[in-house]
Amino acid sequence: MKNLTFFSLVVLSFSTLFVQAQHQHHAKCGHKQSFERSLLSDTLDALSYEIHLNEINTSFKTIDAYTIVNLMSKVDNLDEIKLELLDLTVDGVFVDNQPIADFEHNSPWLVIPLSTPMNTGDEAEVRVEYHGEPFYEGWGGFHFSGSYAFNLGVGFVSDPHNLGKAWFPCIDDFKDRAFYEIFVTLDEPKKAVCGGTLLEVVNNGNGTNTYHWKLENDIPTYLASVAIGEYENVPSVFESMTGEDIPIGIYVKPNDTSKVAGSFANLIPILDAFESYFGPYPWERVGYVSTAKGAMEHATNIAYPHSSINGNLSNEWLFAHELSHMYFGDLVTCGSAGDMWLNEGWAVFCELMYREGIYGVDEYREEYRDKHFNVLHKAHIIDDGYLALYGIPAEYTYGETVYQKGCIVTHTLRNYMGDDLFFPAVKAYLETYQSNYASSWDLRDALQPNMPTQTGLKSHLWMPNGKWKPM
Ligand SMILES: [Zn+2]
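Residues numbered from 1 in each chain as written. Predicted model: local features only at pLDDT ≥ 70, side-chain atom pairs only at ≥ 80, totals over all residues. Heavy atoms only, no water.

1. Considerations on the overall build of the chain
Alright, step 1. Counting secondary structure elements, the chain contains ten helices and 21 strands.
Alright, step 2. Per-residue burial over the chain gives 58% buried out of 471 residues.
Alright, step 3. If you sum the accessible surface of the chain, you get close to 17,800 Å²; carbon and sulfur atoms cover 49% of it. (Helix = DSSP H or I, 4+ residues; strand = E, 2+ residues; numbered from the N terminus. Buried < 20%, exposed > 50% of the residue type's maximum accessible area, 1.4 Å probe, protein only. Areas by Shrake-Rupley, 256 points an atom, 1.4 Å probe, with all protein chains shown as cover.)

Structure follows, in structure tokens:
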């Protein structure tokens, strides 16, 4: 994601890169080294969500909804189901169609006692009915804007940052992935735009329509999305390197349809470039939806600021950044907030890569030098210290170090390894961890086989006082 106000700031040195991380690292590497608190997903796996937004009242700024969550226990003798739902009022809870009277909801915790404990592998269907005014902060959450409403899946201030819980009960972390179907009932002529494919629009015969969206691939909660309002779709098609035609849908305000062609003129060349670097586009749709705030990389349905759809290329870097998250963040998700540079540092790196892809390597170098200059001069000031990339404090999860220093480190990896070794290793990383999460150590281990020297990545790039050379 990218807060546009961040763009006017910017970015450090490698001297403390991964210093904190060294304390977390033990002899055996892998997922478990992620820096995190205990998670609901340690005990329960959410398999699927069916979210029904029966009413979104833009006048009162409220929603009325129910969500069906299919869950599988990861432990034995589980005698309660614990989900998160922020602020909203719970009206009823059912487990396998049986009403549960003695549930407790102390926001965000929704605790549902089970009459029969679940054992490992047991599944349960939980239906939660709820209503109220959804949570939002300055950036993330569920927002109303005039006759429009939309969610942004993370909050920069909220800790933890995940804000699926702002609009549906869930296991709200970066690790748990599930399948989504979303049903939204709206007064005509409003439309609902969600991730995945629009399967049908049911005319209810009472002046309302119900939009039914389904996403083929699994995602973590923060990448689920909905935006409603009077949208017009500007459709096109992208022919993937696989030969498959992938639909593109850019949903904008009716008055903005004429601006789409100018602002997104290079969308297909940028998709071509990303495919050449990182492999086939991994989702069923390329999608943007115009919103009052953004930008946010919801899977196949990027929330993209109204102001950035202006008919020219001035914000091309922003839609390229968000598009690259379909690989870095959405396909492979950071395992914890402390690993956020795997999402954001790589997306900023892709701001360089798209420039090289469509404008040439000189454009890449020019942009890189600007970013490098700013990292060295400003990141430690903006983030109040020289921070290691991994295990960053929550208040700086979305700060300059993660974004801009993360980009510079990724560039340095590319330069150190060389393109012939770097890009195959990145593709292998994406393939290994697709539809999954990865830790910083997972990335290191994925790149390590292609490192040009025996001493490798750790000692050359990620240690204090590591050597590096500008491209
Ligand atoms: Zn981003």
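That was the structure; now back to the text.
2. Here we look at the pattern of salt bridges
Opposite charge on two side chains lets them pair, provided their charged atoms get close.
Alright, step 1. Scanning the entire structure with this criterion turns up eleven salt bridges.
Alright, step 2. Across the pair K165 and E84 runs a salt bridge, and its minimum N-O distance is 3.7 Å. Here K165, found in the loop between β10 (148–152) and β11 (178–187), pairs with E84, found in strand β3 (residues 78–84); they are 81 residues apart in sequence, far enough to count as distant. Each of the two residues, K165 as well as E84, counts as buried.
Alright, step 3. The partner of E367 in a salt bridge is R355, with the nearest N and O atoms 3.8 Å apart. Of this pair, E367 sits in helix α6 (residues 361–382) while R355 is found in helix α5 (residues 344–359), placing the two residues twelve residues apart along the sequence.
Alright, step 4. Residue E367 is classed as buried on the basis of its relative accessible area of 16%.
Alright, step 5. Residue classification places R355 among the buried residues on the basis of a relative accessible area of 14%.
Alright, step 6. Overlapping salt bridges, with partners in common, bring together E351, R355, E367 and K371 in one network. (Salt bridge = Lys/Arg side-chain N within 4 Å of Asp/Glu carboxyl O.)

3. Regarding unusual backbone geometry
Among all residues save glycine, negative phi is the norm, and among peptide bonds the norm is trans.
Alright, step 1. Of the consecutive residues D159 and P160, the connecting peptide bond is found in the cis state with omega at 5°.
Alright, step 2. Turning to its location among the elements, P160 is positioned in the loop between β10 and β11.
Alright, step 3. Residue A295 is bonded to the preceding G294 through a cis peptide linkage, with omega at 5°.
Alright, step 4. In this fold, A295 is placed in the loop between β18 (286–291) and β19 (302–305).
Alright, step 5. Look at N77: it is not a glycine, yet its phi comes out positive at around 55°.
Alright, step 6. Its location among the elements puts N77 in the loop between β2 (62–73) and β3.
Alright, step 7. The exposure class of N77 is exposed, given its relative accessible area of 58%.

4. Things to note about the packing of aromatic side chains
Each aromatic ring pair is summarised here by two numbers: the centre-to-centre distance and the angle between the ring planes.
Alright, step 1. The full count for this structure, using the stated rule, is 32 aromatic pairs.
Alright, step 2. Arranged with centres 5.8 Å apart and planes meeting at 80°, the rings of F168 and Y180 form a pair that is edge-to-face. Linking F168 in the loop between β10 and β11 with Y180 in strand β11, this pair joins segments that are twelve residues apart in sequence. The residues F168 and Y180 share a single accessibility class, namely buried. (Phe/Tyr/Trp six-rings, centres within 6.5 Å; stacked < 30°, edge-to-face > 60°.)

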